[in-house]
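# Commentary on secondary and tertiary structure
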Amino acid sequence: MDQENWTVVTEFYFPDFPQFENSSLLLFIPLLFIYIFIIVGNFMIFLAVRLDTRLHNPMYNFISFFSFLEIWYTTVTIPKMLSNLVSGEKSISFIGCLLQMYFFHSLGVTEALVLTMMAIDRYVAICIPLRYTIIMTPQLCLQLSTGSCIFGFLILLPEIVWISTLPFCGPNQIHQLFCDFEPVLLLACTDTSMILVEDVIHAVSILTSVSIISLSYLRIIMVILRIPAGENRQKAFSTCAAHIAIFLLFFGSVALMYLHFSVTFPPLMGKATALMFAVLAPFFNPIIYSLRNKDMKDAINKILCSQKMFNVSGS
């Protein structure tokens, strides 16, 4: 195409969202409920760990940090989805699209690193318990959490800056629920073979984290199986089961989303995968960590009971 005839794209549109007068309200209400539940549930976990001194240890600190990230991770995409369901325009600015991609993936990378740290923490606690307090010091946990956040937000910056320099001159319809690398790159007026490079970069980072976590939990399970049957063995299994469930939900949806390389999914399956990746996986995080963990349930109940007492005394 002649560069002089290019029309610079300033907005992208999401044509696959239904019109409000059709069935969008049926989708808006459950999505809004899910979003509120994610925010409230993860905030309760974060608050419970911060306020209950019994939970001031590396494992719960990582859980609270992960819950804090989940709040922002879903806030990057779900409010815009809700807006698109009730709005007539269903659009996002070019800058807004870049920012959505940047924060969504930066928070996602940070979450993947936190899940990796949680697996390592459980490995040290169960496989070499006598050295746990020496290795997993509060200072190290703070450094790991801070480092994962810095790395997550820096590693995506060159990629976003590079995408911002690409020419977007023709189609501006994103056939996805939110701005993501592949659907946006497909709209660039340049060679789209770069998508394969994106897939390789994502695959290497995903498989690295998955390998570390999988090896850690395999070793943990082998050690737990050697523990005599009893309360300690059951507690170790229960704790690790929650971590493994979150790991499978998070990386399972990530794998479906980004490890298919150039294989084309049917449009409906692509959107279902995106919904699982951006909405359903975060939805189950507070459920798993609050229902599968007695200490967490006690801490949350303590907060809720104290709130009820405050309301009664205030009235």
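Residues numbered from 1 in each chain as written. Predicted model: local features only at pLDDT ≥ 70, side-chain atom pairs only at ≥ 80, totals over all residues. Heavy atoms only, no water.

### Things to note about the packing of aromatic side chains
Short version of the rule: Aromatic pairs are defined between Phe, Tyr and Trp rings, using the six-membered ring for Trp, whenever the two ring centres lie within 6.5 Å; interplanar angles under 30 degrees are classed as stacked, those over 60 as edge-to-face, and all others as tilted. Note on conventions: DSSP H or I runs of at least 4 residues are helices, E runs of at least 2 residues are strands, and numbering of each starts at the N terminus. Partly exposed residues are those whose accessible area sits between 20% and 50% of the maximum for their type, while under 20% is buried and over 50% is exposed, using a 1.4 Å probe and protein chains only.
Taken as a whole, this structure holds 18 aromatic pairs when the rule is applied. Taking the centre distance of 4.8 Å and the plane angle of 15° together, the rings of Tyr73 and Phe104 count as stacked. With Tyr73 in helix H2 (residues 58-75) and Phe104 in helix H4 (residues 94-127), this pair connects stretches of sequence that are 31 residues apart. For the pair Tyr73 and Phe104, a shared accessibility class is recorded, and that class is buried.

### Points about the pattern of salt bridges
Spelled out, the test is: A pairing counts as a salt bridge when a side-chain nitrogen of Lys or Arg comes within 4 Å of a carboxyl oxygen of Asp or Glu.
Inspection of the entire model under this criterion finds 3 salt bridges. Lys271 serves as the salt-bridge partner of Asp16, at 3.0 Å between the closest nitrogen and oxygen. You can see Asp16 sitting in the loop between strand S1 (11-13) and helix H1 (20-51) and its partner Lys271 sitting in helix H11 (residues 267-291), a full 255 residues away along the chain. Note that Asp52 is salt-bridged to Arg54, the shortest N-O span being 2.8 Å.

### Brief notes about the side chain of Ser253
Where we set the bar: In protein, a polar contact requires one atom able to donate a hydrogen and another able to accept it; more generally it is a pair of N or O atoms within 3.5 Å, and residues adjacent in sequence count only if both atoms are side-chain atoms. In what follows, residue pairs with any heavy atoms lying within 4.5 Å of each other are defined as contacts.
Mapping Ser253 onto the fold places it in helix H10 (residues 231-258). For Ser253, the side chain forms a polar contact with the main-chain oxygen of Leu249, separated by 3.0 Å. With sequence-adjacent residues up to four places away left out, Ser253 is seen in contact with Leu248, Thr273, Met276, Phe277 and Ala281.

### Overview of the packing of H4 against helix H6 (residues 138-155)
The condition that has to hold: Under this scheme, a helix contributes an axis fitted over its contacting stretch, all axes are lines through C-alpha atoms, and angles between N-to-C directions fall in the 0 to 180 degree range. Each crossing is labelled by how the near helix is turned from the far one, with a counterclockwise turn of less than a right angle marking it left-handed and a clockwise turn marking it right-handed. We call Asp, Glu, Lys and Arg charged. Ala, Val, Leu, Ile, Met, Phe, Trp, Tyr, Cys and Pro are nonpolar, and the rest, Gly among them, are polar.
One can describe the packing of H4 onto H6 by two numbers: an axis separation of 8 Å at closest approach and a directional angle of 145°. Along this stretch, H4 crosses H6, giving a crossing that reads as right-handed. Residues Tyr102, Phe103, Ser106, Leu107, Val109, Thr110, Leu113, Val114 and Met117 of H4 form the contact with H6, whose own contacting residues are Leu144, Ser145, Ser148, Cys149, Phe151, Gly152, Phe153 and Ile155. Of the residues contributing to the contact of H4 with H6, the split by class is 12 nonpolar, 5 polar and no charged.

### With respect to the side chain of Glu70
Relative to the helices and strands, Glu70 is located in helix H2. By relative accessible area, Glu70 is classed as buried at 3%. Look past the residues within four positions of Glu70 in its chain and what remains in contact with it is Ile38, Asn42, Glu111, Ala281, Pro282 and Asn285.

### A look at the state of the cysteines
What counts, and what does not: In this description, a disulfide is simply a cysteine sulfur pair whose atoms lie within 2.5 Å.
Following the criterion strictly, the structure yields 2 disulfides and no others. Ordering the disulfide-forming cysteines of the protein chain by sequence position, one finds them joined as 1-3, 2-4. This cysteine, Cys127, is not joined by any disulfide, and Cys240 carries the nearest cysteine sulfur, 8.7 Å off. Assessed through its relative accessible area of 17%, Cys127 is described here as buried.

### Overview of a nonpolar patch on the surface
The following threshold applies: By definition, no residue in a patch forms a salt bridge, and every one has over 30% relative accessible area; like charges are joined within 9 Å, nonpolar side chains (Val, Leu, Ile, Met, Phe, Trp, Tyr) within 5 Å. Per-residue accessibility takes into account occlusion by the displayed protein chains alone, with areas from the Shrake-Rupley method and a 1.4 Å probe.
A cluster of nonpolar side chains, Ile150, Leu154, Leu157 and Val161, forms an exposed patch at the surface whose accessible area comes to about 350 Å². Of all the secondary structure elements, the ones that give two or more residues to the nonpolar patch are H6 and helix H7 (157-164). Turning to its location among the elements, Leu154 is positioned in helix H6.

### Here's the deal with the UniProt feature "transmembrane region" (unreviewed entry) in the protein chain
To keep things clear, this is the line we draw: UniProt positions are given in the numbering used here, feature names are shortened, and annotations may be inferred rather than shown by experiment.
Listed under "transmembrane region" (unreviewed entry) in the UniProt record, and renumbered for this structure, are residues 25-48, 60-82, 102-120, 140-163, 200-225, 237-260 and 272-291. From the first C-alpha to the last, residues 60-82 spans 32 Å; its make-up is 91% helix and 0% strand. The distance separating the terminal C-alpha atoms of residues 200-225 is 37 Å; by composition the span is 100% helix and 0% strand.

### With respect to the packing of H4 against H7
Keep this limit in mind: Here is the rule for angles: anything less than 35 degrees is roughly parallel, anything more than 145 is roughly antiparallel, 65 through 115 is roughly perpendicular, and the remaining ranges are oblique.
The contact between H4 and H7 brings their axes to 10 Å, and the two run at 160°. With respect to H7, the axis of H4 lies roughly antiparallel. Every pair of crossing elements has a handedness; the one defined by H4 and H7 is right-handed. Taking contact as the criterion, the partners of Phe94, Leu98, Met101 and Tyr102 in H4 are, on H7, Leu157, Ile160, Ile163 and Ser164. Along the lines of polarity and charge, the residues of the contact of H4 with H7 split into 7 nonpolar, 1 polar and no charged.

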